[in-house]
Every structure is written in structure tokens, then in C-alpha cells.
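# Topology and contacts: notes
Listed below are the residues making up each chain.
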Amino acid sequence: GQQLNQSPQSMFIQEGEDVSMNCTSSSIFNTWLWYKQDPGEGPVLLIALYKAGELTSNGRLTAQFGITRKDSFLNISASIPSDVGIYFCAGPPGGSGTYKYIFGTGTRLKVLA
Amino acid sequence: NAGVMQNPRHLVRRRGQEARLRCSPMKGHSHVYWYRQLPEEGLKFMVYLQKENIIDESGMPKERFSAEFPKEGPSILRIQQVVRGDSAAYFCASSPTGSDGYTFGSGTRLTVV
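Report on the accompanying structure. Predicted model only: the values in this text are computed from it and were never measured. (Residues numbered from 1 in each chain as written. Chains lettered and ligands numbered in written order. Predicted model: local features only at pLDDT ≥ 70, side-chain atom pairs only at ≥ 80, totals over all residues. Heavy atoms only, no water.)

### Considerations on the overall build of chain A
We count it as follows: The way it works is that DSSP assigns letters per residue, a run of H or I at least four long becomes a helix, a run of E at least two long becomes a strand, and they are numbered from the N terminus. Radius of gyration means the value over C-alpha atoms here, while the globule rule gives 2.2 Å times the residue count to the 0.38 power. We call a residue buried when its accessible area falls under 20% of the maximum for its residue type, exposed when it is over 50%, and partly exposed in between, using a 1.4 Å probe and counting protein chains only. Contacts were defined at the residue level, with two residues in contact if any of their heavy atoms lie within 4.5 Å. For the accessible areas, the method is Shrake-Rupley and the probe is 1.4 Å, while residue cover comes only from the protein chains on display. The sign given to each residue is positive for Lys and Arg and negative for Asp and Glu; His and the chain ends receive no count. Note on charges: their place is set at NZ of Lys, CZ of Arg, CG of Asp or CD of Glu.
Along the backbone of chain A there are 0 helices and 11 strands. Starting at the N terminus, the α and β elements of chain A follow one another as β-β-β-β-β-β-β-β-β-β-β. For 113 residues, the compact-globule estimate of 2.2 N^0.38 gives 13 Å, and the C-alpha radius of gyration of chain A, at 13 Å, lies within 12% of that figure. Projecting the C-alpha coordinates of chain A onto the three principal axes gives extents of approximately 45 × 30 × 20 Å. Within chain A, buried positions represent 44% of all 113 residues. Sequence-distant contacts in chain A: of pairs separated by 6 or more residues, those separated by 24 or more amount to 54%. For chain A, the accessible area works out to roughly 5200 Å², and carbon and sulfur atoms hold 54% of it. Between the mean site of the 8 positive side-chain charges and the mean site of the 8 negative ones, chain A shows a separation of 12 Å.

### A short note on the pattern of salt bridges
Opposite charge on two side chains lets them pair, provided their charged atoms get close. Stated formally: One speaks of a salt bridge when a side-chain nitrogen belonging to Lys or Arg is within 4 Å of a carboxyl oxygen belonging to Asp or Glu.
Following the criterion strictly, the structure yields 9 salt bridges over all chains and no others. One salt bridge connects D83 of chain A with R60 of chain A, and the closest N-O pair in it is separated by 2.8 Å. Taken as a pair, D83 of chain A in the loop between strand 8 (71–76) and strand 9 (85–91) and R60 of chain A in the loop between strand 6 (55–58) and strand 7 (61–65) lie far apart in primary sequence, 23 residues in all. Assessed through its relative accessible area of 6%, D83 of chain A is described here as buried. The exposure class assigned to R60 of chain A is partly exposed, which follows from its relative accessible area of 28%. Measuring nitrogen to oxygen at the nearest pair gives 2.7 Å for the salt bridge that ties R64 of chain B to D86 of chain B. Linking R64 of chain B in the loop between strand 6 (53–56) and strand 7 (65–68) with D86 of chain B in the loop between strand 8 (75–79) and strand 9 (88–95), this pair joins segments that are 22 residues apart in sequence. Overlapping salt bridges, with partners in common, bring together E18, R20 and R78 of chain B in one network.

### Describing the interface of chain A and chain B
It is common to give the size of an interface as the accessible area lost on bringing the parts into contact. Quick note on the threshold: Throughout, buried area stands for the accessible area (probe radius 1.4 Å) lost by two parts on being put together, summed over both.
On the chain B side, the residues contacting the 14 residues of chain A number 22 residues. Across the chain A/chain B interface, buried area totals approximately 1500 Å², and carbon plus sulfur atoms make up 50% of it. Three residues, Y99, Y101 and F103 of chain A, lead the burial of chain A against chain B; their summed loss comes to 38% of the area buried on that side. The shortest N-O distance in the salt bridge between K100 of chain A and D56 of chain B comes to 3.8 Å.

### Remarks on the sheet that holds strand 6 of chain A
Residues and elements named next belong to chain A. How we decide: At least two DSSP bridges between two strands are required for those strands to pair. Axis lines are fitted through C-alpha atoms, for helices just across the contact stretch, and the angle between N-to-C directions can take any value from 0 to 180 degrees.
If you walk across this open sheet you meet the 5 strands as 1-3-8-7-6, and the pairing is antiparallel. Of all the strands in the sheet, the pair left with one neighbour each is strand 1 (4–7) and strand 6. Averaged over all pairs of adjacent strands, the angle between strand axes in this sheet comes to 15°, irrespective of strand direction. Pairing between strand 6 and strand 7: 4 bridges, direction antiparallel. The partner of T56 across the bridge, within strand 7, is A63.

### Details of the state of the cysteines
Residues and elements named next belong to chain B. How we decide: Note on disulfides: each one is a pair of cysteine sulfur atoms within 2.5 Å.
One pass over the full model with this rule turns up 2 disulfides over all chains. Across the disulfide from C23 sits C92; the S-S distance is 1.8 Å. Measuring the twist about the S-S bond at about -55°, one finds the C23-C92 disulfide to be left-handed. Placement of C23 in strand 3 (residues 19–24) and of C92 in strand 9 is noted, with a sequence separation of 69 residues between them. You can call C23 buried: its relative accessible area is 0%. Classification of C92 by relative accessible area gives buried; the value is 0%.

Just geometry here; none of it tells us what the structure is for.
Following this line, the structure appears as C-alpha cells:
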């Protein structure tokens, strides 16, 4: 089945550092979504991308929709301890219903104060 | 302005028992989605429902699992004769239409002993 691969799988960073993570697919996506999941909670939507090449920011977060439509990137600037959590990319693959999301494998972020 | 409400938050069942997971969507949302998350994995789509209708159940196991969203009351995900492999976090999400990004609840963590 379709799969979204995220890298890195996990990372430890110092507070104040910038963080980059990416998500790749073997097939085209029409929408890319980035979610954050805290322990014991559901995913919370951070950024939604709808157009190839689109670059969107939400506070310290910036995400890009890859030109090939098969990848997306998330950057977090000046990380803080509350950035700890699991970051998932997700989206409805091209050709499927817009409601049916595939989720990536997740990037686990740990911030050292 | 409550979000998506799921209960119970934690559920323990013995093998062979039934599990009932409830989800009340956000006010004004008539589209409900259920996802399952196994430990250390991303979320996987199970089923999409509108009031009184199952729209897409392509992610539901063929046996023992069923879902409903009645005219009145919450959506219910029902798992009959649970097995250890059913242990997972089950998340419900809702949206006002079938093509918007949706909001997740905090999940029900099912443990089968």
C-alpha cells in the first residue's frame, strides 16, 4: 500500500536550534498536512499545504510542498522544550477521496534544555 | 466550544469481550472518521461516516469490527471478541464537510489482556 516515509525517525536537539524534517512518498499527493502529537493525545494540525511549491509558515514553523508533489518539508526555528513530540506528515494521495489520509511514520523530537 | 470528545480515554478488556468506543464530533460537524494507531506507528484510516451512513469502510478489518453514526447520539466503534492484536489507540476525527481538514479527539487507548 501507499506509504509516507519520514526522516529522521528521531532527533535530539538543543533548545534554540533549528530543526528540519522531511516526508517522501512513492506517489503524488494533492495536499500535505503536518501534525504534532503529544504523548497521550490526538494529533493536532500545524500546517496544511495545497499547491506544489507552496511555502507556508505558522509562527516558528515553516513547511513546503515539494515541486514533484512527492515530498514535503517541515522546519522549526529556535526550538523550545514544548516542541517535544511526534511530528507526522499526512495527506490524501492523488486519486483517492480527499477525506482519507495516509500518515507517515513520524519524527520523534526531543529538545534538551 | 468543545472539541471532538472521545470516551472512555482508557479501556481494558479481556480477550473475547466486546469493546465500545464512543465519539461525539464537534458541534456542527456531521462527518466522522476513525483511525487506529499501533504503538510506534502512524495513524491508519479505518472508516468514514456521515449521519446514519457509512461512506467508506475500506480500512476496517472484515470481521469483528463495526461502526455506526446514528441520527442521534455519538458515533460508536464496536470491536467484538477482542484479541491482543486489537490493543491500540483509536482516534476519532470530525469535519463540517467531507473535504475539509479535520480535528482529532484525544483517543481511546484499548488494552486487551
